[in-house]
Amino acid sequence: MKYQKNEPWRKNWFGTLLVAAAGVWSLSVSQPVAAQDCKHRGDLDAMYCDENKDLVADTPKDSKKLKNPNTIVFTYTPVEDPAVYEKIFQPFTQDLGKCLDKRVVFYQVNSNAAEIEAMRSGRLHVGGFSTGPTAFAVNIAGAVPFAVKGTEKEFQGYNLLVIVKKSSPYMKLADLKGKKVAHTSPSSNSGHMAPLALFPSEGLTPDKDYKILFSGKHDQSIMGVNSGDYDAAAVASDVYHRMASRGQIKEDDFRIIYKSNKFPTSSFAYAHDLDPALAKKLVKCFYDYRFTPEMVKAFDGADRFFPVNFQKDWEVVRQVAAGSGEAFNRSAYEKQTAKEAEAAKAKK
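Analysis parameters
Residues numbered from 1 in each chain as written. Predicted model: local features only at pLDDT ≥ 70, side-chain atom pairs only at ≥ 80, totals over all residues. Heavy atoms only, no water. Helix = DSSP H or I, 4+ residues; strand = E, 2+ residues; numbered from the N terminus. Buried < 20%, exposed > 50% of the residue type's maximum accessible area, 1.4 Å probe, protein only. Contact = heavy atoms within 4.5 Å. Core = buried A, V, L, I, M, F, W, Y, C linked by side-chain atoms within 4.5 Å. Pairing = 2+ DSSP bridges. Axes fitted to C-alpha atoms, helices over the stretch in contact; angles between N-to-C directions. Disulfide = S-S within 2.5 Å. Salt bridge = Lys/Arg side-chain N within 4 Å of Asp/Glu carboxyl O. Phe/Tyr/Trp six-rings, centres within 6.5 Å; stacked < 30°, edge-to-face > 60°.

(A) Region of the structure containing the overall build of the protein chain. Counting secondary structure elements, the protein chain contains 13 helices and 11 strands. Every one of the 348 residues in the protein chain was classed for burial, and the buried ones make up 57%. Pairs at least 24 apart in sequence give 76% of the contacts found in the protein chain among residues at least 6 apart.

So this is what it looks like as structure tokens:
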């Protein structure tokens, strides 16, 4: 398989999203018969099993289903321009290739649905998933989270921020009733699910006090507030501060009127059906790597991949989803993928 920068799908992320959605629907009616023998599955899709009840897909028992590819495909969550992260991660992907003695390629994706479908269909072996989509990747695509960016002492987290223009009259969430408020995408934790769960106690109920406007990505929400397309936006603090450090925006042009408690930032997860020896070596390669100065700057001081456990470290995310009336199962995924497609179509 070749991944070339001039592939047509790269120029039409909406088309990619629709393909991903179609793939999810087609797979929903064609599940492996062996999955019926599973004693415990939890929230995992029917093609996976969780007999040890750690909330992630078990490694297939049939050795014929294990993968040990010569080329490892890696990607990072499309919270901003994918091309930016391909460049940032280049030193790491080169090191990973040497560590594994395999070719490593960066696979650009332009939506959460496309990234999740790429792993589910076997085209993606390891990748970074945004906080909310991590849980969908676990349940829908068999992803096994093992790391988050961090330091020697702790993993990196972020806050949900609500930003407005500094020149605006808005000082608290309740001031945004009837205004143009941007969320990022239906599957995003900070960009959608956390606002649904947390805003009502602050006097603002999404989709009641204002119509939710999906921007597609955190950077697009931020730039939308900057340009006046939105009165406010719910965004992840790490993206907001990175854009400021790069000079894309000036923090002094904005005012933060809400800040949540800390959430874990994007996870790194491998496909559940990787050969266990390869998965073990891949994880060690991640843990042993130390970020370049450019990566440290890009990722707010994080200098390594810090070990995490999905069952424990994503509990707060699952709680927020439950509090917002959302879930991370197939039905919710199909609904949210449809919403993302509708939002993308509306922006054209």
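Picking up where we left off.
(B) Structural detail: unusual backbone geometry. Phi angles above zero are rare outside glycine, and K53 is one such case at about 55 degrees. Following the sequence through the fold, K53 ends up in the loop between helix 1 (13–28) and strand 1 (71–75). Under the relative-accessibility criterion, K53 is labelled exposed at 51%. In this structure, D207 takes a positive phi of about 65 degrees despite not being glycine. Looking at D207, the relative accessible area reads 58%, which means it is exposed.

(C) Highlighting the nonpolar core. Of all hydrophobic cores here, the largest spans 103 residues; its most connected members are F89, L176 and F286. Those residues in contact with L176, other than ones at most four positions away along the chain, are V162, V164, Y170, V181, L204, D209, Y210, A232 and I257.

(D) How the structure looks around the sheet that holds strand 5 (residues 157–165). One open sheet accounts for five strands, arranged 7-6-8-5-9; its pairing is mixed. In this open sheet, the two strands that pair with only one neighbour each are strand 7 (212–214) and strand 9 (254–264). Ignoring which end each strand starts from, the neighbouring axes of this sheet average 30 degrees apart. The pairing of strand 6 (residues 181–183) with strand 8 (residues 232–236) spans two bridges and is parallel. Its bridge partner lying in strand 8, A182 is registered against A233.

(E) Up close: the state of the cysteines. Inspection of every chain in the model, using the stated rule, returns two disulfides. Shown here is the disulfide that connects C38 with C49, its sulfur atoms set 2.0 Å apart. Across the S-S bond linking C38 and C49, the dihedral sits near 90 degrees, which makes this disulfide right-handed. Note that C38 is positioned in the loop between helix 1 and strand 1 and C49 in the loop between helix 1 and strand 1, a separation of 11 residues in sequence. What makes C38 buried here is its relative accessible area of 16%. Look at C49 and you get buried, because its relative accessible area is 17%. C99 shares a disulfide with C285; S-S distance 2.0 Å. Its S-S torsion of about -85 degrees marks the bond between C99 and C285 as left-handed, since a negative value means left-handed. Of this pair, C99 sits in helix 3 (residues 90–100) while C285 sits in helix 9 (residues 276–288), and the two are 186 residues apart along the sequence.

(F) Summary view of the pattern of salt bridges. Enumeration according to the criterion identifies 12 salt bridges in this entry. The residue E51 makes a salt bridge to K61 at a minimum N-O spacing of 3.2 Å. Linking E51 in the loop between helix 1 and strand 1 with K61 in the loop between helix 1 and strand 1, this pair joins segments that are 10 residues apart in sequence. We note a salt bridge from K166 to D252, for which the minimum N-O separation is 2.7 Å. Remark: D252 occurs in the loop between helix 8 (237–245) and strand 9 and K166 occurs in the loop between strand 5 and strand 6; sequence separation between them is 86 residues. Residue classification places D252 among the exposed residues on the basis of a relative accessible area of 55%. Overlapping salt bridges, with partners in common, bring together D45, R120, R330 and E334 in one network.

(G) Local environment of the packing of aromatic side chains. As enumerated under the stated definition, the model contains 32 aromatic pairs in all. Ring centres of Y76 and Y85 lie 4.7 Å apart, and the angle between their planes is 45 degrees; on these two criteria the pair is classed as tilted. With respect to class, Y76 is no different from Y85; both count as buried. Consider the rings of Y76 and F89, whose centres lie 5.0 Å apart with planes at 50 degrees: the pair is tilted. Linking Y76 in the loop between strand 1 and helix 2 (82–88) with F89 in the loop between helix 2 and helix 3, this pair joins segments that are 13 residues apart in sequence. By relative accessible area, F89 is classed as buried at 0%.

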